[in-house]
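Results of the structural survey
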Amino acid sequence: MGTGAIGGSRFTNGEAENSVHKQAEQAPIERFVGRSQDLLSDGSNAVTVDPGEQSRPPVAPAKSHQKDLTFQDMYLNQYAFDDEDDDDSDWEPFQLPVSRVEVIKWFCKNCTMANLDGVVLCDICGEHKDSKIVNFGFFASSLADDDDLNGVQPKIKGLTDCGSQDSETISSTAIGFDERMLLHAEVEKKPSLHPERPDRLRAIAASLARAGIFPGRCFPIPAREITREELVMVHSLEQINSVEVTSQAFSSYFTADTYANEHSALAARLAAGLCADLASAIVSGHAKNGFALVRPPGHHAGVAHAMGFCLHNNAAVAALAAQAAGARKVLILDWDVHHGNGTQEIFNRNKSVLYISLHRHERGLFYPGTGAADEVGSRGAEGFCVNIPWSRGGVGDNDYIFAFQNVVLPIASEFAPDFTIISAGFDAARGDPLGCCDVTPSGYAQMTHMLNTLSGGKMLVILEGGYNLRSISSSATAVIKVLLGDNPECEPENSVPSAAGLQTVMNVLKIQKNYWPSLGPIFTDVQSQWRIEYRRLKRKRVKKQRRVLAPMWWQWGRKSLLFHFLNGHLSVKSK
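Residues numbered from 1 in each chain as written. Predicted model: local features only at pLDDT ≥ 70, side-chain atom pairs only at ≥ 80, totals over all residues. Heavy atoms only, no water.

Counted only if it meets this: UniProt positions are given in the numbering used here, feature names are shortened, and annotations may be inferred rather than shown by experiment.
The name given to the protein chain in an unreviewed UniProt entry is histone deacetylase, with Arachis duranensis as the source organism. Entered under Catalytic activity (unreviewed entry) in the UniProt record, the comment concerning the protein chain runs "N(6)-acetyl-L-lysyl-[histone] + H2O = L-lysyl-[histone] + acetate". Under the UniProt heading Subcellular location (unreviewed entry), the note attached to the protein chain is "Nucleus".

Structural data, given as structure tokens:
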């Protein structure tokens, strides 16, 4: 959003929230604000409502010697009515105002959705109210407390301590992480929790620790803040300044959903710096591959704007760092459920970086609305932007694997990258409240394994989105296991796509075959599959249309001809 970040900043002082309650008593408001301040600490919120606030019936004026009848007096029955006032000819019964009712709700630690206090399992994801998902990661039970488990809440500082790297770790998997990125959080209290929250990193770190992966099988790299000189290769000075100036504000917003606090600029610099150093280490041979456990995410951040929870474009910074370290051609594969509009914008005219994105699009109706199949790059770089836009939600493993086999790998192999970056948003995972798709941890592991055959295994995975803690922690763990050399649970053979997925892949091939010759035979094969599938769907529709439209007994009377005509029997015989 450029320099408009601070122009639209809002300091959190609690005054703005009271505008709709000007007529309410002060004490209930203080109770409401007090509970709201505990929103992030205990995951609960109390909403105070007054059913009688707008419909309180008028009270007849009392005698002059009586005190004014108050709402509290009526509720507590502390007012003594005058016994001498026995003229009730004009008395009409009315409902006494109901006292203020506190509707207590709690926010699911796993998916952030609000639930009424009377239930213990989340209505959306089924997670227990007192789940230890943040402490134990996906190893935590979703149904009850995990009192029998030993706490695996690793001291985050310990994960960033970097000792000397011996010869045994030089060729292993590196992890980029720093506890200061947890300070980036939304401080303004709102009716619902923001999905991009520090617990995302905590849950993944807890899962890796309990699995013995990190610390253990992976080694950390020292954290470093990205320099201004490095950022200016990706972003405009206005965009860089708009992020930096947020450190002077307690709370500010770039867009309605992209927040910043006084620590956000530091977190963004650390995230970008870790990604740059991981890329350099992998290209130079100091690490085999790596995983950037970072936030805020980055693939929506463009040349001159921060948006979509993203401040600096971590993948773009890593790509340029890899090229500076010696990689000539870089592949960025983005499987986040949202299109990486920022990454596409940055490399839209660059033939040395191939950007491939698989995302929900739905004819531009799904956020951010970009990423149609005909967006292929510009000014001599046509074909170096490949968008695979799903036309609906619920897309699962089979569609993704089919797209990999027929679009991603053929194009990537022809491009022959020296370095591969995965913008790994896990919001297409099963159970994610924003993505609403159906990719499993096994599916992510298979895609990682397929990409590992490129660029000699030199690969960096960068965390982007993903807002269901159980989904992102299990999926990230599965991906890192593949980086460590473990094989996926099951190898894909012939993944049968859905009809919508098959049509999407065919449309992409039809466009991209003009730029990548290897796609010609694949397009012919997929087109033949689509014709078969189209005929099957057509027969299915016709069968539905031939449901009985007239009563069965018509076929034996004077209306038999009409019966056969309405039910399609005559048209079948004429063929």
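1. Things to note about the overall build of the protein chain
The condition is simple: Strands here mean DSSP runs of E at least two residues long; helices mean DSSP runs of H or I at least four residues long; both are numbered from the N terminus. Here's how the labels work: a residue is buried when its accessible area is under 20% of the maximum for its type, exposed when over 50%, partly exposed in between, all with a 1.4 Å probe on protein chains only. The contact criterion used is simple: two residues touch if any of their non-hydrogen atoms lie within 4.5 Å. Note on areas: Shrake-Rupley, 1.4 Å probe, and residue coverage restricted to the protein chains presented here.
Within the protein chain, the secondary structure is distributed over 20 helices and 13 strands. For the protein chain, the residues scored as buried account for 49% of the 575 residues in total. Contacts in the protein chain between residues at least 24 apart in sequence constitute 72% of all its contacts with a sequence separation of at least 6. When the accessible surface of the protein chain is totalled, it reaches about 27,100 Å², and 53% of it is carbon and sulfur.

2. What about the side chain of N341?
Tracing the sequence through the fold places N341 in helix α13 (residues 341–346). Aside from chain neighbours lying at most four places away, what touches N341 is H299, H300, H305, M307, P368 and T370.

3. Concerning the packing of helix α14 (residues 397–415) against helix α15 (residues 441–451)
Just so we agree on the cut-off: Under this scheme, a helix contributes an axis fitted over its contacting stretch, all axes are lines through C-alpha atoms, and angles between N-to-C directions fall in the 0 to 180 degree range. What sets the label is the angle itself: under 35 degrees gives roughly parallel, over 145 gives roughly antiparallel, 65 to 115 gives roughly perpendicular, and the rest give oblique.
As a packed pair, α14 and α15 sit with axes 10 Å apart at the nearest point and diverge in direction by 10°. Judged by the inter-axis angle, α14 sits roughly parallel to α15. Judged by residue contacts, D397, Y400, I401, F404, Q405, V408 and L409 of α14 engage G443, Q446, M447, M450 and L451 from α15.

4. With respect to the nonpolar core
Note on soluble globular proteins: their nonpolar side chains tend to be buried together. Here is the rule we go by: Nonpolar cores are built from buried Ala, Val, Leu, Ile, Met, Phe, Trp, Tyr and Cys residues. Side-chain atoms within 4.5 Å join them into one set.
Of all hydrophobic cores here, the largest spans 115 residues; its most connected members are F291, W335, F419 and F426. The element contributing the most residues to this core is helix α11 (residues 264–283), with 12 residues. The contact partners of F419, leaving out residues within four places of it in the chain, are A279, I282, V283, A322, A327, K329, V330, L331, S455, K458, M459 and L460. Counting residues in each nonpolar core, the second largest holds seven residues, with V243, A265, A268 and L311 among its members.

5. Observations concerning the packing of α14 against helix α17 (residues 499–512)
Keep this limit in mind: Residues are grouped as follows: Ala, Val, Leu, Ile, Met, Phe, Trp, Tyr, Cys and Pro are nonpolar; Asp, Glu, Lys and Arg are charged; every other residue, Gly included, is polar.
Contact geometry for α14 and α17: axes closest at 9 Å, N-to-C directions at 10°. The angle between the axes of α14 and α17 places the two elements in the roughly parallel class. The residues of α17 that touch α14, namely those facing D399, F402, A403, N406, V407 and I411, are G501, L502, V505, V508, L509 and Q512. A breakdown of the residues in the contact of α14 with α17 according to their chemical character gives eight nonpolar, three polar and one charged.

6. A short note on the confidence of the model for the protein chain
Selection criterion: On a scale of 0 to 100, pLDDT captures the predictor's confidence in every residue.
Predicted confidence across the protein chain gives a mean pLDDT of 82, with 73% of residues reaching 70 or more. Taken together, the stretch residues 1–94 has pLDDT below 50 and engages in 119 contacts with residues farther than four places along the chain or on a different chain.

7. Remarks on the pairing of strand β9 (residues 330–334)
The following threshold applies: DSSP-based pairing: two strands are paired if at least 2 bridges between them are found.
Within β9, five of the five residues are buried, which leaves it mostly tucked inside the rest of the structure. With burial as the criterion, each face of β9 is covered, one bearing V330, I332 and D334 and the other bearing L331 and L333. Summarising the sheet, β9 and strand β10 (residues 353–360) pair through five bridges and their orientation is parallel. The partner of L333 across the bridge, within β10, is I356. As judged from the five bridges shared by β9 and strand β12 (residues 419–424), these two strands associate in the parallel manner. What sits directly across from D334, in β12, is S423.

8. Focus: the environment of G425
Here G425 is to be found in the loop between β12 and α15. Placed 128 residues apart in sequence, G425 and P297 show a C-alpha to C-alpha distance of 8.8 Å. Other than its neighbours up to four places away in sequence, G425 contacts W335, D336, Y444, E464 and G465.

9. Quick notes on the pairing of β12
Here β12 lies mainly inside the structure; six of its six residues are buried. Of the two faces of β12, the one holding F419, I421 and S423 and the one holding T420, I422 and A424 are both buried throughout. Judged from the five bridges that link them, β12 and strand β13 (residues 459–463) form a sheet pairing that is parallel. Bridged to A424 within β13 is L463.

10. Some words on the pattern of salt bridges
Applicable threshold: The salt bridge definition used is simple: a Lys or Arg side-chain nitrogen within 4 Å of an Asp or Glu carboxyl oxygen.
Evaluated as defined, the whole model comprises 16 salt bridges. The shortest N-O distance in the salt bridge between R295 and E196 comes to 2.9 Å. With R295 in the loop between β8 (289–292) and α12 (314–324) and E196 in the loop between β4 (173–176) and α7 (199–210), the pair connects residues that are 99 residues apart, well separated along the chain. Both residues of the pair, R295 and E196, belong to the buried class.

11. Digging into the UniProt feature "domain: RanBP2-type" (unreviewed entry) in the protein chain
In this structure's numbering, the residues bearing the UniProt feature "domain: RanBP2-type" (unreviewed entry) are residues 106–125. Helix makes up 0% of residues 106–125 and strand 25%. Its end C-alpha atoms lie 14 Å apart.

12. Quick notes on the environment of A372
Tracing the backbone shows A372 in the loop between β10 and β11 (385–390). Expressed as a C-alpha distance, the spacing of A372 and H359, which sit 13 residues apart in the sequence, is 9.7 Å.

13. Remarks on a nonpolar patch on the surface
Operational definition: Only residues whose relative accessible area exceeds 30% and that form no salt bridge enter a patch; like-charged residues are grouped when within 9 Å of one another, and nonpolar side chains (Val, Leu, Ile, Met, Phe, Trp, Tyr) when within 5 Å.
Taken together, the side chains of V120, L121 and L143 define a hydrophobic patch exposed on the protein surface, amounting to about 260 Å² of accessible area. Looking at the element boundaries, V120 is found in the loop between β3 (114–116) and α5 (133–136).

14. Points about the packing of aromatic side chains
Between two aromatic rings, the relevant description is the distance of the centres plus the angle of the planes. Note the cut-off: Working definition: a ring pair exists when centres of Phe, Tyr or Trp rings (six-membered ring for Trp) sit within 6.5 Å. Plane angles under 30 degrees give stacked, over 60 give edge-to-face, the rest tilted. Note on geometry: a ring has a charge over it if NZ (lysine) or CZ (arginine) is within 6 Å of the ring centre and within 35 degrees of the ring normal.
Enumeration according to the criterion identifies nine aromatic pairs in this entry. Ring plane angle 85° and centroid distance 4.9 Å describe the contact between F426 and Y444, whose orientation is recorded as edge-to-face. Taken as a pair, F426 in the loop between β12 and α15 and Y444 in helix α15 lie far apart in primary sequence, 18 residues in all. For the pair F426 and Y444, one class covers both residues: buried. Through a chain of ring-to-ring contacts, three or more aromatic side chains come together here, namely W335, F426 and Y444. When the ring centre of F415 is taken as reference, the NZ or CZ atom of K329 above it lies at 5.2 Å. The ring of F523 carries K513 above its face, with NZ or CZ at 5.4 Å from the centroid.

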